[in-house]
Amino acid sequence: MKDYFILKMKKPTQKFVDDFNASVKSRELRGAKLIAYKKNLVLTPEQKEVIIGTLLGDASIRSSKCNFNLKFEQKYTQVDYLVHLYELLKPFVGTGPKMRIIRNTFHRDYGVSCWFRTYAHIQFKYYENRFYKTDSKGKRIKVVPRNIHQMLTPRALAYWYMDDGSWSFWGTVYCLNTQGFTVSEQKLLVKALKVNFNLNFNVTKDRTFYRLALQEQDNQAFKELIQPYLLPTFYYKFEKQEE
């Protein structure tokens, strides 16, 4: 897996991406062999917590009839985190992380991400049922589960922060980037964080959206709660607090 870390050295070119993807190995299971293999797969408690935390962040679930699979995608500079997620969920994954070029008509430059997808598996149905719904226009959208207080653990919170948290540039504040959720859903998260961990978050304005910001007096408690589960490469998110 160490080859993935070459990605952090400089921005990959299209040729590098193509060559890299061609070298990614697959489990090579098909048909009856794959069906038999998947029957023995059961999520561990740790995997469940990681899925909950990342679904509050950038992870997504694709649903087709009775098939449900998870997709994880991060900017290439976060490849170590993505490989870590892959290793945690490896029994459920057929092909290792790949790269893709993201072209944007608004910018001259291009983006590069690293991603992987799990097998379709019934074990993910529980999370699809709780994290997704169909809105009034028939569009499938991600939502905050009504029972999120029963799902949120210190490990889940740590992965949520690694996946989509940040240290605010405008103050000494830890933020959870919940802009994709409604204000009422964010208030539900605020309540769960208070009940489960006695952490006080506010729903704050972020340009035309809203996100969660931790009240400064709880900074140390938040850090102590999640740091045991954080990858060392994410410690930089604490550095400004310690200056």
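Basis of the calculations
- Residues numbered from 1 in each chain as written.
- Predicted model: local features only at pLDDT ≥ 70, side-chain atom pairs only at ≥ 80, totals over all residues.
- Heavy atoms only, no water.
- Helix = DSSP H or I, 4+ residues; strand = E, 2+ residues; numbered from the N terminus.
- Rg over C-alpha atoms; globule rule 2.2 N^0.38 Å.
- Buried < 20%, exposed > 50% of the residue type's maximum accessible area, 1.4 Å probe, protein only.
- Areas by Shrake-Rupley, 256 points an atom, 1.4 Å probe, with all protein chains shown as cover.
- Pairing = 2+ DSSP bridges.
- Axes fitted to C-alpha atoms, helices over the stretch in contact; angles between N-to-C directions.
- Core = buried A, V, L, I, M, F, W, Y, C linked by side-chain atoms within 4.5 Å.
- Contact = heavy atoms within 4.5 Å.
- Phe/Tyr/Trp six-rings, centres within 6.5 Å; stacked < 30°, edge-to-face > 60°.
- Lys NZ or Arg CZ within 6 Å of the ring centre and 35° of its normal.

Chemist: With reference to specific residues and values, describe the overall build of the protein.
Modeler: Looking only at helices and strands, one finds 10 helices and 10 strands in the protein. At 19 Å, the protein has a C-alpha radius of gyration in line with the 18 Å of a compact globule built from 243 residues. Taking the principal axes of its C-alpha atoms as reference, the protein extends roughly 55 × 40 × 40 Å. Every one of the 243 residues in the protein was classed for burial, and the buried ones make up 47%. Summing over all exposed atoms, the protein offers an accessible surface of approximately 13,500 Å²; the carbon and sulfur share of this is 53%.

Chemist: So, the sheet that holds strand β3 (residues 98-103): which residues are in play, and what are the values?
Modeler: Two strands in a sheet stick together by hydrogen bonds in their backbones, pointing the same way (parallel) or opposite ways (antiparallel). Taken together, 4 strands build an open sheet; the order of strands is β1-β2-β4-β3 and the sheet is antiparallel. Every interior strand has two partners, whereas the edge strands, β1 (60-64) and β3, have only one. This sheet shows a mean twist of 35° between the axes of neighbouring strands, independent of strand direction.

Chemist: Before we move on, could you go through the nonpolar core and cite the residues and values that matter?
Modeler: The biggest cluster of nonpolar side chains holds 59 residues, and the ones touching the most others in it are Ile148, Leu157, Trp160, Leu193, Phe201 and Phe222. For this core, the element with the highest residue contribution is helix α4 (residues 79-89), accounting for 8 residues. Setting aside residues up to four positions removed in sequence, isoleucine 148 forms contacts with Ile52, Leu56, Leu188, Leu189 and Ala192. In this structure, Val17, Phe20, Tyr76 and Val112 belong to the second largest nonpolar core, which totals 7 residues.

Chemist: Can you tell me about helix α3 (residues 45-55), naming the residues and giving the values?
Modeler: Among the 11 residues that make up α3, 8 are buried, leaving the element largely enclosed by the rest of the structure. Of all the residues in α3, the buried ones are Gln47, Glu49, Val50, Ile51, Ile52, Gly53, Thr54 and Leu55.

Chemist: Could you give an account of the sheet that holds strand β8 (residues 174-176), with specific residues and numbers?
Modeler: The 4 strands are arranged β7-β8-β10-β9 in an open sheet whose pairing can be described as antiparallel. In this open sheet, the two strands that pair with only one neighbour each are β7 (165-167) and β9 (201-206). The sheet shows a mean angle of 35° between the axes of neighbouring strands, taken without regard to direction. Of the strand pairs in this sheet, β8 and strand β10 (residues 209-214) are connected by 2 bridges, and their pairing is antiparallel. Paired with leucine 176 across the bridge in β10 is leucine 212. Across the sheet, helix α7 (residues 154-164) touches β7, β8 and β10, and the angle it forms with β7 is around 70°.

Chemist: Go over the packing of aromatic side chains with me, naming the residues and quoting the values.
Modeler: Applying the stated criterion across every chain yields a total of 12 aromatic pairs. On the numbers, 6.2 Å between centres and 70° between planes, the contact of tyrosine 37 with tyrosine 119 is edge-to-face. Here tyrosine 119 lies in the loop between β4 (110-117) and α5 (125-131) and tyrosine 37 lies in helix α2 (residues 31-39), a separation of 82 residues in the sequence. Tyrosine 37 gets classed as partly exposed once you look at its relative accessible area, which sits at 24%. Sitting above the plane of the tryptophan 115 ring, lysine 71 keeps its charged end 5.3 Å from the centroid.

Function-wise, these values are silent; they only describe arrangement.
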